[in-house]
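The lines below spell out each chain.
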Amino acid sequence: MSNKMWGGRFETGPDAIMEEINASIGFDYRFGAQDIKGSKAHVAMLAAQGIVTQADAAAIAQGLEQVAGEIEAGTFQFSRALEDIHMNVESRLAALVGPAAGRLHTARSRNDQVALDARLWLRDAVDALDGQMAGLQKALVAKALEHADAVMPGFTHLQSAQPVTFGHHLLAYVEMLGRDRGRLSDARRRGAESPLGAAALAGTSFPIDRHMTAKALGFDRPTANSLDSVSDRDFSLETLSACAICAVHLSRLAEEIVLWATPQFGFVRLSDKWSTGSSIMPQKRNPDAAELVRGKTGRVFGALIGLLTVMKGLPLTYSKDMQEDKEGLFDAVHTLSLCLAAMTGMIGDLTIDRAKMKAAAGAGYATATDLADWLVRTLKTPFREAHHVTGSLVKMASARGVGLEELSLADMQSVEPRITQEVFGVLGVERSVASRTSYGGTAPDNVRAQAKAWAARLGL
């Protein structure tokens, strides 16, 4: 038997495998609330334009309310034979209100309908993700204020470079998340156009008011080109791209937590809430939450690459390939949401070992740049010459197995006779970080000021 919703031209129904590959209700049921919201706006506009009667519009609206209640209550019976959320809703509506339900689909198509549902769903998802990102920023800012003067090594090439503060390090991720939120906001703004009324691809001959439905659904305006309206998935691609970049940032922080929590570093300790043990090694405390955040990044990347691949060769306008735009999107949004929640919890419970951080900050001749800067600032030595002098002193200290501050004044003067006792005042790690007062630098006063500025912006 052919599908009663569209099968007028067909004599038989689809093969079982065709039904399996074609049906999307297994995942697009998530669009239930959005599909009904769009239908309500559409039928109200049809009635306002005199395209359907007020009586039919009222019956349809009442029926849609009942369908919405059934979906929300979990009593709605979804049918794979009806393929997707649109047909499932329409079929149930017909059972409730009779032939009037058939008028709902006037001047629209599943093509513009699904594009609308996706935009509505994604708008809510973006708002939820933005709230979670702000929550993680707040956790990072609070921890940065607490540890604005906790000295730790800053790294390049994963080698000790210069001392920084733990608060400064955390604020770097606050900045990253700020950009992530900006990208999501940009994607949301560009997606704030309603495709409803573009119909299958060419628009419609009915005297519809697309501005009315766009306004009713909270969009800035209707889309301007009917072909683009039903074939565009940029709003999903942009959101997935923003999610992928955010996942990178979470993964980088997770990797640092994994390193810092090792006995070799010993900088931080995760609470029992965010650690697991070993089935065979009783001493183990594994940072599994951080590792999973790092690992789940691949799922978000995969969703972006998957949709890019789906879209790359499609001629205008709609093709069934585009049904593959949803599952990856749903999974990526859920995955990123889970990772943000886990990272927020980890940061909130994180404790640090200031003594180990400080000791590590002084290792590897991390104050060598401070020595070079002192030569330039105090002795007016050209920087390249100061770099060479400092390198020679580091070589001397390394050969003796001592720190720069452990060299004698005579040792230093054997390389640069003009060096004075004053130089030892810049070789401590705390003096080093305190001296980095340039805007954006790691000086504790800077860190406190930046953290307080972020706290004000975040309403912390």
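Each value, and the rule that gives it
- Residues numbered from 1 in each chain as written.
- Predicted model: local features only at pLDDT ≥ 70, side-chain atom pairs only at ≥ 80, totals over all residues.
- Heavy atoms only, no water.
- Helix = DSSP H or I, 4+ residues; strand = E, 2+ residues; numbered from the N terminus.
- Rg over C-alpha atoms; globule rule 2.2 N^0.38 Å.
- Contact = heavy atoms within 4.5 Å.
- Areas by Shrake-Rupley, 256 points an atom, 1.4 Å probe, with all protein chains shown as cover.
- Lys, Arg positive; Asp, Glu negative; His and termini not counted.
- Charge placed at Lys NZ, Arg CZ, Asp CG, Glu CD.
- Axes fitted to C-alpha atoms, helices over the stretch in contact; angles between N-to-C directions.
- Parallel < 35°, antiparallel > 145°, perpendicular 65-115°, else oblique.
- Left-handed = near helix turned anticlockwise from the far one by under 90°.
- Nonpolar A, V, L, I, M, F, W, Y, C, P; charged D, E, K, R; others polar.
- Pairing = 2+ DSSP bridges.
- 1 Å grid on protein atoms, 1.4 Å probe; cavity = no way out; pocket = protein on both sides within 12 Å on 5 of 7 lines; lining within 4 Å.
- Points joined across faces, edges and corners; volume = space filled by probe spheres on them.
- Buried < 20%, exposed > 50% of the residue type's maximum accessible area, 1.4 Å probe, protein only.
- Salt bridge = Lys/Arg side-chain N within 4 Å of Asp/Glu carboxyl O.
- Polar contact = N/O pair within 3.5 Å; in protein donor to acceptor, adjacent residues only side chain to side chain.

A. Spatial organisation of the overall build of the protein chain. Within the protein chain, the regular secondary structure consists of 18 helices and six strands. Here the C-alpha radius of gyration of the protein chain, 31 Å, is well above what a compact globule of 460 residues would show, namely 23 Å. With the C-alpha coordinates aligned to their principal axes, the bounding extent of the protein chain is approximately 100 × 55 × 40 Å. Sequence separation of at least 24 residues holds for 74% of the intrachain contacts in the protein chain that already meet a minimum separation of 6. On the protein chain, roughly 21800 Å² of surface is accessible, and the fraction owed to carbon and sulfur atoms is 54%. One way to put it: in the protein chain the 49 positive side-chain charges average out to a point 4 Å from where the 52 negative ones average out.

B. The packing of helix H10 (residues 234-260) against helix H11 (residues 288-311), seen in detail. Direction vectors running N to C along H10 and H11 enclose 160 degrees, while the axes themselves pass 8 Å from each other. As far as their axial angle goes, H11 and H10 are roughly antiparallel. Like other packed secondary-structure pairs, H10 and H11 cross with a definite hand, here left-handed. Taken together, the residues that form the contact of H10 with H11 break down as 18 nonpolar, four polar and three charged.

C. Representation of the pairing of strand E1 (residues 151-156) within the structure. Two strands pair when backbone bridges link them, and E1 and strand E2 (residues 159-165) are joined in this way by six bridges, in the antiparallel orientation. Note that in E2 the partner of Thr156 across the bridge is Gln159. Here E1 folds back onto E2, and the loop between the two strands holds two residues, one of which, His157, carries a positive phi near 60 degrees.

D. Looking closely at empty space enclosed by the protein. Taken as a whole and judged by the stated rule, the model has two cavities of 30 Å³ or more. Forming the boundary of the largest cavity are Arg119, Leu122, Arg123, Val126, Ala187, Arg188, Gly191, Ala192, Gly218, Phe219, Phe235 and Thr239. No other element matches the four residues that helix H6 (residues 110-146) contributes to the lining of the largest cavity. Split into classes, the residues belonging to the lining of the largest cavity amount to six nonpolar, three polar and three charged. A volume near 30 Å³ is recorded for the second largest cavity. What lines the second largest cavity is Leu136, Leu140, Tyr173, Leu177, His249, Leu250 and Leu253. Of all the elements in the fold, those that place two or more residues in the lining of the second largest cavity are H6, helix H7 (166-190) and H10. Counting residues per element, the lining of the second largest cavity draws most heavily on H10, at three residues.

E. Seen up close, the layout of surface pockets. Counted as a void, the largest pocket has a volume near 390 Å³. Lining the largest pocket are 18 residues, with Ala261, Thr262, Pro263, Val268 and Arg285 positioned closest to its centre. Broken down by secondary-structure element, the contributors of at least two residues to the lining of the largest pocket are strand E5 (268-269) and strand E6 (351-352).

F. Structural detail: the side chain of Arg210. With respect to the secondary-structure elements, Arg210 resides in helix H8 (residues 210-216). Buried Arg210, no salt bridge; nearest opposite-charge side chain is Asp112, N-O distance 6.7 Å. Here the side chain of Arg210 touches Ser194 through a polar contact of 2.8 Å, landing on its backbone oxygen. Those residues in contact with Arg210 that sit more than four places away from it in its chain are Ser194, Pro195, Leu196, Gly197, Ala198, Pro222, Thr223 and Ser229.

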